[in-house]
Amino acid sequence: MAPLRLRHPKGVSTLDVSLDSGTTIQDLQQKIYAVTDILPSRQILKSGYPPRPLTLVPELPIESLGLQRGDQLIVTEDTSKPVVSPSRVQPQASPVHTQPRTATSLPKPPQAAASGPDSVEVDGSFLIHRIVPDDNSCLFSSAALVFEQSISKASQMRKIVVEGIKNNPDTYNEAILGMPPAQYIATISKPTSWGGAIELSILAAHYGTEIASIDVETGRVDHFAPGENSTANNRAILIYSGIHYDAASLAPMPDAPDEWHQTLFPIRSSDDNSDPILVAAKKLADILRSKKAFTNTATFDLRCEQCGQGLKGEKEARAHAEQTGHVRFGEY
């Protein structure tokens, strides 16, 4: 454990944080939340002299921040972000943060009611929750749906990710990937391996389109832009439940045939509360949240279906899978 000094609105505190590869930025944010009551989704962190803002992608390893033992962090609250009230023990989920890198089968996500997918009216049309199979390729299926209009092209999305990693070795190095690039490529190429923030960033860059991922539990919007030197004019919408990605598309009526659906939307505003499609997407997440259609992967109880061992959260499940090779888990 390494001490980090934290300056915050309440004063100065010392955080004991492991700086090794087993610790994520999300873990650091939870420690800061415990001290400051500033939600992870509203934290602005700076470090160094003069203080520079840190890029916070919760699922990335803490090494990506370049922190050293004894460094000072400054945290302030982004009051422009919506306030959510999760339990103290619940982490802020984000588009991959809590998903395992190995081929691990976690519980199936909640499904929409039998009457059909949920939808929200917007400008005379309907933004519709497009459910994809829960087969460990849900991110890739959702991306294929919005970018290629067919989930059958999910494997093509994996190939795009592989090429993105190969073509950008400085960006996607071992520190960012959490393992040697060749090993990561071999893993993500398997149809049983989940994807997350890294994959969304690569797909956004490939298609020159922003991907906005709406977290059902918190209502937070995570934006994945095409790149530092590229400006996106269009946006795709994904919905994240904690263990599963779905897509969202616009149609003239909820039961419209697939070919009538619009899956990319002009970006009308950089403000999440002003862009009509994003406002509708957040309302769609509200509907799903009211149905408890999300899973907190840090706190749910699991049992290994191969040996019967009880586990708490995805982190223990991932460690168990790495130690034993067991990959089938059930929630209880």
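Source: prediction; values computed, not measured. (Residues numbered from 1 in each chain as written. Predicted model: local features only at pLDDT ≥ 70, side-chain atom pairs only at ≥ 80, totals over all residues. Heavy atoms only, no water.)

Trainee: Looking at this structure, I do not really get the sheet that holds strand β5 (residues 72–77). What am I missing?
Mentor: The strands that make up a sheet are held in pairs by hydrogen bonds between backbone atoms, and each pair lies either parallel or antiparallel. Pairing in this open sheet of 5 strands is mixed, and the strands run β2-β1-β5-β3-β4 from one edge to the other. Looking at the sheet topology across the chains shown, the edges are occupied by β2 (11–17) and β4 (52–53). Contacts between helix α1 (residues 25–36) and the sheet are confined to β1 (2–8), β2, β3 (43–47) and β5, with β2 contributing the most and set at about 145° to the helix. (Pairing = 2+ DSSP bridges. Helix = DSSP H or I, 4+ residues; strand = E, 2+ residues; numbered from the N terminus. Contact = heavy atoms within 4.5 Å. Axes fitted to C-alpha atoms, helices over the stretch in contact; angles between N-to-C directions.)

Trainee: Explain the packing of aromatic side chains to me, please; I cannot follow it from the model alone.
Mentor: Aromatic rings considered in pairs are described by the distance between their centres and by the relative angle of their planes. On inspection of all chains with the given rule, the structure shows 2 aromatic pairs. Seen in terms of ring centroids, F147 and Y207 are 4.1 Å apart; in terms of plane orientation they differ by 0°. Their pairing is stacked. In this pair, F147 sits in helix α2 (residues 138–148) while Y207 sits in helix α6 (residues 197–207), placing the two residues 60 residues apart along the sequence. Measuring from centroid to centroid gives 4.6 Å for Y240 and Y245, while their planes differ by 35°, and the two rings are tilted. Taken individually, Y240 and Y245 each receive the classification buried, so the pair is uniform in this respect. (Phe/Tyr/Trp six-rings, centres within 6.5 Å; stacked < 30°, edge-to-face > 60°. Buried < 20%, exposed > 50% of the residue type's maximum accessible area, 1.4 Å probe, protein only.)

Trainee: Is there a simple way to think about the nonpolar core in this case?
Mentor: Most often, soluble globular proteins have nonpolar side chains that are buried together. Core analysis: the biggest nonpolar cluster contains 50 residues, and L28, I165, L203 and I211 have the highest contact counts within it. The biggest single contributor to this core is α2, with 8 residues. Structurally, this core is a two-domain feature, drawing no fewer than three residues from each of domain 1 (2–77) and domain 2 (119–291). Excluding its chain neighbours within four sequence positions, the residues that come into contact with I165 are Y172, L177, P181, Y184, I185 and I202. Judged by nonpolar contacts, the second largest core, of 20 residues, contains A212, I277, L278 and A293. (Core = buried A, V, L, I, M, F, W, Y, C linked by side-chain atoms within 4.5 Å. Domains from an automatic or database assignment.)

Trainee: Any chance you could explain the confidence of the model for the chain here in plain terms?
Mentor: Per-residue pLDDT for the chain averages 82, and the proportion of residues at 70 or more is 83%. By mean pLDDT, strand β15 (residues 329–331) is the weakest element of the chain at 61, and helix α3 (residues 154–167) is the strongest at 97. In the predicted structure, residues 84–114 sits below a pLDDT of 50 and forms 125 contacts with residues beyond four places in sequence or in another chain. (pLDDT = per-residue confidence, 0-100.)

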